[in-house]
Amino acid sequence: MSDRTTPAGRATTRVLPAGDRHIVDRLSYGHTPALARQVRNAGGGLRWFERQLTPRKVKDRGTGAYLTWFPSLSRTPEDLYQRKKSGVEENWEVMNDYQSYVILRRTYSQRQVLELMTELWENHLHVPVGADAAFTWRKRYGDVIRKHALGRVDRLLQAAVLHPAMLLALDAGISTWQHPNENLARELLELHTVGRGEYTEDDVKQAAQVLTGYHVDLWGTFAFSYSTADHAVGPVNVMGWKHANADADGRPAARSLVRYLAHHPATAERIARKLVVKLVSDAAPQTLVRRLARIYLEHDTDIRPVLRALVRSEEFRDARGQKVRDAGEDVVATHRALGVRVTEPGEKARGTGNGWAAHTLPTQCQRLGLKPFDWPRPDGAPITDDAWATPSRMLGGSRNHWLMAGSYWPSRGIVYRKPTAWLPQRRMRFGAFVDHLSRTMLGVPATRRVVVACCRAADVSASDVVHAEHPVIVHRLGFVLTTLLDSPTHLSR
Amino acid sequence: MTTRPAPSAPTLSSTTPTCCAEMAGMAALSRRGLLRGGLVAAGTTATFGSAVLTASPSAAASAESVLVVLSLRGAMDGMSVVVPYGDDVYYEARPRIAVPRTELLAKDGFFGLHPRMKPLLPLWNGGELAFVHAAGLPSVNRSHFAAMEELEDAAPGSARREGWLNRLVGTDSVRSATEGVGLISGAAPTSLLGRQPTFVTQAIDDIEIPGPSWDAARARQRERGLRTMWKGEKGVLGRAMRQTFGAVDDFAPARRQRSRAADYPQGDLGAALADAARLIRADIGTDVITLDQGAWDMHSRLGTLEWGQMIRNVDELASALATFFSDLGDQRHKVTLVALSEFGRRVEENQNQGLDHGHGNVMMVAGAGVRGGQHYGTWPGLSMGVDSDLTVTTDYRQVLGEIVQKRFSATAVADVFPGLHYEPLGFLRQS
């Protein structure tokens, strides 16, 4: 941690200027002293962000190793199904692994913008982990999204919408010319691209024709194939996209349709609005949405110029601290704020008792109301503030904060900082100590209210001098840390 | 949704006993309705103005009726539980897994109950338990996940993604999250999602400020710290934290209710029902509770009366529900329970002594208002064939609609089930 010495002789932990802090608040999973250092070394928030847009140039040691912690994430769809069928491993156990895996990546990867955009797209193109049979292909689906998360949206859509996991979730893996299933066609138009009000029921029917022929061997090998015999041939017209569709292999037509929809102005506006709601504010200023939609279309659906314009916009600058962290963001930011290290889990424990930290991450999210990608409907988890400002969320988050601040739970497979490690010097006034904690954990100085709140929580006066043997450090540090984690600052981004 | 303290607006100048009762109701309202809504500062008689009445005309601390919705997730095979032994096709279609006629309980000449339903016989004989067979979604939907969504949205053709229980608790102007409670360990069910605030928790005991439970003095300090941190905080989070402190107070009577979880069968269902009973006994204005029993998706090893998944699940279900109805104290007369699945299962057993996804199913209703000890609905007759389903003859919304209409007098069926041509089956008495 970089310190500077004030005239009074007390070391004050440095924090980022407000503008830079706002960038990392919105485009990372939460402040850490190391992240602040990276931003300073890069020459400021915008430069840090620019570097993040080319993930392969950001060193990311250790993130790949998380995959080895969860062997089932590397199994084939057929293997996963056989294991479920024979009672070796249930689908939800595999999905729990996947959820743990993405939370670990979000917590510890140096490629924060990549993880953040992957989550945003994976939620936009939502395949619920609970969707029937989708567990067989779900991790591979996430990989495909990550691959395209900072690239062109038309390619992302082609790869995701026609992926076996999506086909399974929305019944398109069993859709044939005799019985075209409209489920995927409808959500493609309603949720993934142009949005409600832009298409007719006939567009849905015609899109469903185009999407016939894709096949997943449901409840068998789960192999992904294309069945020309099942494809509905014949001319189609979906929202002005016309195709002879004469070939029994309808894949080029399907890809062409998805590409057309990706480039549709209504899609541009819809995606721009989603980015603005997630990264700027729920009010989603229309001028900004329109500007970003234009940039999206001008750059062949490349998302990077859109993001660059977004972070440089006045609307972005004016929206500091106004977004509420959702369930996953709270859990990840809490791990980051506390500087805990989750280590490789041992043998899986049955039940929710004293499991390994790496396996209990989804449970922590559950307390706030939602595990990653567990939203039950195809429209994706809500990204607006009101959805995450509910009493059950507040209490669930607070429970996690309390349990982790006191190093109570999880207790296996996790390394907490020792209480004395939080003390930047041997002796200091409690008020100054709270300020140091606030700067270290939350990236901002402590206000008077925060100091008073911590004094009350830990039953100590701001002027008391704390040190390694002081009862607040030895017995009640958790009371202080949890009060900071329960703050409006920690719950916002 | 909740009983009115009085039919007309109280006048502050009145000193009649009626008014005092009203005032007691209004005091509850000021805590629940006002502090939440933030319309008027709390505390003094000044708060009992017309704004209060406008804000929350029907708020009171007591529910008129309580509806418990039990989702049998994974799709229960209703024909194993309420067996159509009078239909010969049932035995032809299930040579290995059919429940033998001789073993059935409460036979009425056509239907009989699975022997493991025995704990529910007192309810059946007492006329408090009824079944509606061949009920379900109007059209076939064999995806668990899409069917649950359709079933719980229950507003076909509507653009709004909003659940029927959310609409049910949303028909009054009370905006308290205690009205609709999910005792669930997964994501909030679609039925509860919507504009009306509802409360989803794994356990009633979780609705408290986390802190050192072993040291009351330290716990108070920790809570003081938290309150200081949030005092005067504006915005959605500030409002949420005020609601949180309110919810902790509102649910406190339920936390103080003794848990009889030990009397229930072990597992999630017993734990959730034990908490539901605490919530109901506390009588804090909860109208709707929703909870789940899982593991009904028996594609294989459904089994017989000697082995398999069916006996285990029916055991748990019947014994948990029997315990629940004996655990409601003086609130039992208010409580109606309905149990349903997203769809039913196929008529013919498969190669693995299981059943694949079908269509029609049985719905169970028990408790207050039920004209029980009998079966409702129309039996369509079974037919053979690998794809043969139990045909749906009763739209499941007719069953739920009748509960809404007869147990929640202030609510119109059309507000909860838009577009439904309501035709009650008559399994409930008009309350």
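Refer to the structure presented above.
This report concerns the structure included in the present document. Residue positions within a chain follow its written sequence, with the count starting from 1. Each chain takes a letter, starting from A, and each ligand takes a number, starting from 1, following the order in which they are written. The predicted origin of the model limits local features to residues at a pLDDT of at least 70 and limits the giving and counting of side-chain atom pairs to 80 or more, whereas totals for whole chains, interfaces and linings rest on all residues. To obtain the side-chain values, all non-hydrogen atoms of the structure were included, while hydrogens and water were left out.

**Looking at the overall build of chain A**
Here's step 1: Secondary structure summary: chain A contains 25 helices and 10 strands in total.
Here's step 2: Against the 2.2 N^0.38 benchmark of 23 Å for 493 residues, chain A shows a C-alpha radius of gyration of 24 Å, consistent with a compact globule.
Here's step 3: The principal-axis extent of the C-alpha atoms belonging to chain A is close to 80 × 55 × 40 Å.
Here's step 4: When contacts within chain A are restricted to residue pairs at least 6 apart in sequence, those whose partners lie at least 24 apart make up 71%.
Here's step 5: Accessible areas in this description were obtained via Shrake-Rupley with a 1.4 Å probe; residue shielding takes into account the shown protein chains only. Counting every atom, chain A has about 18,600 Å² of accessible surface; 49% of that belongs to carbon and sulfur. Going along the chain from the N terminus, every DSSP run of H or I of four or more residues is numbered as a helix, and every run of E of two or more is numbered as a strand. For a compact globule the rule gives 2.2 Å times the number of residues to the power 0.38, and the radius of gyration it is set against comes from C-alpha atoms. Whether two residues are in contact is decided by their heavy atoms: any pair within 4.5 Å suffices.

**Let's talk about the environment of B:Lys118**
Here's step 1: With respect to the element layout, B:Lys118 can be found in the loop between strand 3 (112–113) and helix 5 (121–125).
Here's step 2: Under the relative-accessibility criterion, B:Lys118 is labelled exposed at 55%. Three labels apply to residues, based on accessible area from a 1.4 Å probe with only protein chains included: buried if under 20% of the type maximum, exposed if over 50%, partly exposed otherwise in between.

**Structural notes on the packing of aromatic side chains**
Here's step 1: By convention, a stacked pair of Phe, Tyr or Trp rings (six-membered ring in the case of Trp) has centres within 6.5 Å and planes under 30 degrees apart, an edge-to-face pair has planes over 60 apart, and any other such pair is tilted. Inspection of the entire model under this criterion finds 24 aromatic pairs over all chains.
Here's step 2: Judged by centre distance (6.1 Å) and plane angle (65 degrees), the ring pair of B:Tyr376 and B:Phe427 falls under edge-to-face. Separated by 51 residues along the polypeptide, B:Tyr376 in strand 10 (residues 374–376) and B:Phe427 in the segment after helix 13 (413–416) bring together distant segments of the chain.
Here's step 3: Ring pairs connect the aromatic residues A:Trp137, A:Tyr214, A:Phe224 and A:Tyr226, which therefore count as one cluster.
Here's step 4: Should the NZ of a Lys or the CZ of an Arg lie within 6 Å of a ring centre and within 35 degrees of the ring normal, that charge is described as sitting over the ring. A:Arg140 extends its terminal NZ or CZ atom over the ring of A:Trp137, reaching a point 5.7 Å from the ring centre.
Here's step 5: Directly above the ring of B:Phe245 sits B:Arg227, whose terminal nitrogen or CZ lies 3.9 Å from the centroid.

**What to know about the packing of helix 21 (residues 430–441) of chain A against helix 24 (residues 477–485) of chain A**
Residues and elements named next belong to chain A.
Here's step 1: For every element, the axis is a line fit to its C-alpha atoms; helices are fit only across the contacting stretch, and the angle between N-to-C directions ranges from 0 to 180 degrees. Contact pair helix 21 / helix 24: the axes reach a minimum separation of 11 Å and the direction vectors enclose 50 degrees. Put simply, helix 21 runs oblique to helix 24. Crossing angle aside, the handedness with which helix 21 passes helix 24 is right-handed. Contact residues: helix 21 offers Phe430, Phe433, Val434, Leu437, Ser438 and Met441, while helix 24 offers Leu477, Val480, Leu481, Leu484 and Leu485.
Here's step 2: Tallied by class, residues from the contact of helix 21 with helix 24 come to 10 nonpolar, one polar and no charged. Angle categories: roughly parallel below 35 degrees, roughly antiparallel above 145, roughly perpendicular from 65 to 115, and oblique for all the rest. For a crossing to be left-handed, the near helix must be turned anticlockwise from the far one by less than a right angle; the clockwise case is right-handed. Asp, Glu, Lys and Arg are counted as charged, while Ala, Val, Leu, Ile, Met, Phe, Trp, Tyr, Cys and Pro are counted as nonpolar; the rest, among them Gly, fall into the polar class.

**Some details on the interface of chain B and chain A**
Here's step 1: Listed by partner, the interface residues are 42 residues for chain B and 47 residues for chain A.
Here's step 2: Counting each side, the surface lost to burial between chain B and chain A is near 4,100 Å², with a carbon and sulfur contribution of 62%.
Here's step 3: Considering only the surface of chain B that becomes buried against chain A, B:Phe145, B:Arg161 and B:Met229 emerge as the three largest contributors, covering 20% of it.
Here's step 4: Salt bridges are defined as contacts in which a side-chain nitrogen from Lys or Arg sits within 4 Å of a carboxyl oxygen from Asp or Glu. Seen at the junction of chain B and chain A, the total is three salt bridges.
Here's step 5: Where B:Glu233 meets A:Arg449, a salt bridge forms, and the shortest distance between an N and an O atom there is 2.9 Å.
Here's step 6: Pairs of N or O atoms within 3.5 Å make up the polar contacts considered here, provided that, within protein, one atom can donate a hydrogen while the other can accept it, and that residues adjacent in sequence are counted only when both atoms are side-chain atoms. Where chain B touches chain A, the interface holds 11 residue pairs in polar contact (both at pLDDT 80 or more). Defined in terms of a 1.4 Å probe, buried area is the accessible area two parts forfeit on being brought together, summed over both.

**Topic: the pairing of strand 7 (residues 288–293) of chain B**
All names here are of chain B.
Here's step 1: Across the six residues that make up strand 7, a large majority, five, are buried.
Here's step 2: Inspection of the sheet shows strand 5 (residues 180–183) paired to strand 7 by three bridges, in the parallel sense. Its bridge partner being in strand 7, Gly182 is matched across the sheet by Thr290. Any two strands with at least two DSSP bridges between them are considered paired.

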